[in-house]
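The lines below spell out each chain.
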Amino acid sequence: MAQVDLSIIIPIAVLAGLGFAGLLARDILRRETGSDRMREIATAIQQGARAFLRRQYKSIALIASALAILFAVAIGAQKGPLLGFETAGAFALGATFSALSGYIGMHIAIRSNLRSAAGSLKSFNDALVIALRGGAVSGLAIVSMSLTGVALLYYGYGALGLAFGLPLNSRTVTECLTLGFTRAVCDSKAMEESLIFSIVGFGFGASLVALFAQLGGGIYTKAADVGADLVGKVEAGIPEDDPRNPAVIADLVGDNVGDCAGRGADLFESTAAENIGAMVLGVVLFPYFGIAGVIFPLVARSFGLLASIVGVFVVRAREDEAPMTALNRGYIVASVLAAILFGFAAWAMLQPNSPTTTGGWTWAYYWVCGLSGMVTAVIYVWVTQYYTEARYRPVRDIAKSSETGPATNIISGFAVGLEATAIPAVVVSIAILVSYWLGESTGILHGGIYGTAIATMGMLATAAYILAMDTFGPIVDNGAGIIEMSGMSEAARKNMDKLDAAGNTTKALTKGYAVGSAALAAFLLFNAFLTEAQVKAVDLAHPETFIGAFMGAALVFLFTAFAIRAVGRAAWSIIKDVRDQFRENPGIMAGTVKPDYGRTVDICTRSALREMVVPGILAVATPLAIGLIFRFVKITYVIDPVTLTLGPIPAGEPLGGTLMVGTIAGVLMALVLNTGGGAWDNAKKFIEAGNLGGKGSPTHKAAVVGDTVGDPFKDTAGPSLHILVKLLSTITLVIAPLLI
């Protein structure tokens, strides 16, 4: 059967995603907004979130502009001005779209929180549906923009290449000819390779902004949270979200700038980086699938976007139903529909032009590769729920250990985080083996690598729905705070508390999902780097390579330390301000005078933005330094098996070690931090629900300490680490041409 061109689905899916996001936003903004007091609190949150994002994006814009100019000059000098210009342009577009994704995620969340809180006054279902649809605006818009950015560059740069002539890699043409393919096919393959590598800067630009957005937002939100908890709940003995606490508004602002803006930029760069990585490997198989193999990732992502739209619209909940049951129902619908559409896309587009071992069934092998990625996503979601929901053993063990004090709570929580790495590591390993074996079984040269790329696309097929569930978390967290601070009815408070506990789980499972996609994508992006840097293997027996690998692991630990310490330092500024306000104005604790919320928000903003710079620059500078140092420092010489001449190891090999070991260490560390932090949080909420002594008991106080330790783990360092992993992949791809 001949291939069918399904590229038309890309603009259709983009328009559908943006169109439905607009309809959902319109529906949410028409909903009731509750009492005057609720609107007053929501307005304060909105003002603080906007002020933070304005300041943060100004800081990021300066760093991104400098890097864009640097890459334009460096790559232009090495590979020609056209490629330098296109890489810098792609970088700038990726950075802009990533920043816009963060803004969209936060913009609708700071309006949905009030509507969800008002909905809880009517029914549990109203509050849940409003919050999920508010999250879906973010999910649909972000995945649509990711598709738009990569597609615009692919087709736009393709036209530029034809007009001005992109430089073709003669090595690619020669290798292709030696395999017996025609000159026309080999020239086309080389053209596609030049085109795809001119847009890898898009992924790096997206990763850079996502890293700073997540770092800055994560430092802000956890500094405010820790400060509010330690001075409010522990020192002053007042409830969480008590309006007398000056840090409460800063804490609610933090949910938006960290979990909405930061995670929006995070998943934008995830989908962009995996799209580009899969397209890079699609070029390798160009003689077999032609253009279809290159654009298949965009088509698969488009079908996943359409499936996610359906999943969002089927979610409804009974008044006595667990929130996760309703949310999981939508996820199952989206996953099943995505699997069917993924199979259709594979059948239409992955019919080989050249003979293969599997013949007309080649598409089916790659469909199963995609299914293995989808199954991996489902297992990751389930494993994260197991380790972070109060219904299961790990969280209850942590809660039980709190009866003997904060020390045993921390020991138990850290052990849960470490334990939670095993199953995800095994699952990803199986997915890589299965997808690689299936791809190799087709008999296509490099078919195994493409199989892992297809598996990654499968795992990210329902990214829009997962992001909707993620943004659902901070929306209901804010909603619960608004209900608490405005003194609404007990029934509304119970509705929002139930959703808030579910929101903790959805945030945790999204982090697990993002880490899983990073782990699965790491293999394909690692191979894409080896291809572009002309490195056949990474041999740790070579001292330069061992050092590069060592530095990759050290980067993960140092980055984590800086991120966690940044929260501690920023939290101190909040604690000092809250103590000062309580001391300066006794009327605050008496409830006769309002605290100065704006002052605390401003202090937290300045502290967070100051603290994000060092770990962010470290993440960018380390791979750049290793790549450039070993570009010129030559120690190990080996015999080339083809020419039989003695020469230095490839300049990209030490950086390959950094990428490989840094990725493995980063994924495992992120799993420890994300899962352990989520488990600590829900152990505290389990006790607050009336178990093991309830609120105010010594057990509860011990759990609050554990939750405070876990805050920078799960909301600052952990989420930033899986962006670091992808940043390593994209920055190494961008600088690969400089290492040849």
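Conventions adopted
Residues numbered from 1 in each chain as written. Predicted model: local features only at pLDDT ≥ 70, side-chain atom pairs only at ≥ 80, totals over all residues. Heavy atoms only, no water. Helix = DSSP H or I, 4+ residues; strand = E, 2+ residues; numbered from the N terminus. Expected span 1.5 Å × (residues − 1). Bend = angle between axes of the 7 residues up to and from the residue. Polar contact = N/O pair within 3.5 Å; in protein donor to acceptor, adjacent residues only side chain to side chain. Axes fitted to C-alpha atoms, helices over the stretch in contact; angles between N-to-C directions. Parallel < 35°, antiparallel > 145°, perpendicular 65-115°, else oblique. Left-handed = near helix turned anticlockwise from the far one by under 90°. Contact = heavy atoms within 4.5 Å. Nonpolar A, V, L, I, M, F, W, Y, C, P; charged D, E, K, R; others polar. Patch = residues over 30% accessible without salt bridge, like charges linked within 9 Å, V, L, I, M, F, W, Y side chains within 5 Å. Areas by Shrake-Rupley, 256 points an atom, 1.4 Å probe, with all protein chains shown as cover. Salt bridge = Lys/Arg side-chain N within 4 Å of Asp/Glu carboxyl O. Buried < 20%, exposed > 50% of the residue type's maximum accessible area, 1.4 Å probe, protein only. Core = buried A, V, L, I, M, F, W, Y, C linked by side-chain atoms within 4.5 Å.

Caption draft 1: Expanded view of helix α21 (residues 597-632). For α21, which comprises 36 residues, the first-to-last C-alpha distance of 54 Å matches the rise-based estimate of 52 Å (1.5 Å per residue) to within 8%. The largest bend in α21 comes to about 25°, at Val 613, with the proline Pro 615 one to four residues further on. Looking at where α21 begins, the residue whose side-chain oxygen comes 3.1 Å from the main-chain nitrogen of Arg 599 is Asp 596.

Caption draft 2: Structural view of the packing of helix α14 (residues 406-419) against helix α22 (residues 653-688). Contact geometry for α14 and α22: axes closest at 7 Å, N-to-C directions at 135°. By the criterion of interaxial angle, the relationship of α14 to α22 is oblique. For the crossing formed where α14 meets α22, the hand is right-handed. Along its contact with α14, which presents Asn 409, Ile 410, Gly 413, Phe 414, Val 416, Gly 417 and Leu 418, the element α22 presents Leu 671, Val 672, Gly 676, Ala 679 and Trp 680. Counted by class, the contact of α14 with α22 contains eight nonpolar, four polar and no charged residues.

Caption draft 3: Summary view of the environment of Val 333. By secondary structure assignment, the location of Val 333 is in helix α11 (residues 323-349). Distance from Val 333 to Ser 308, taken between C-alpha atoms, is 8.4 Å for residues 25 residues apart in sequence. With residues up to four places along the chain from it excluded, the contact list for Val 333 reads Val 310, Gly 311 and Val 314.

Caption draft 4: Geometry of a nonpolar patch on the surface. Nonpolar side chains collect at one region of the surface, where Leu 540, Phe 546, Ile 547, Phe 550 and Met 551 lie side by side and expose about 470 Å² of accessible area between them. Inspection of the secondary structure assignment puts Ile 547 in helix α19 (residues 543-584). Its relative accessible area of 40% is what places Ile 547 among the partly exposed residues.

Caption draft 5: Geometry of the nonpolar core. Judged by nonpolar contacts, the single largest core of 254 residues is most densely connected at Phe 296 and Tyr 450. Apart from the residues lying within four places of it in its own chain, the contact partners of Phe 296 are Phe 342, Ala 345, Ala 346, Met 349, Leu 350, Tyr 450 and Ile 454.

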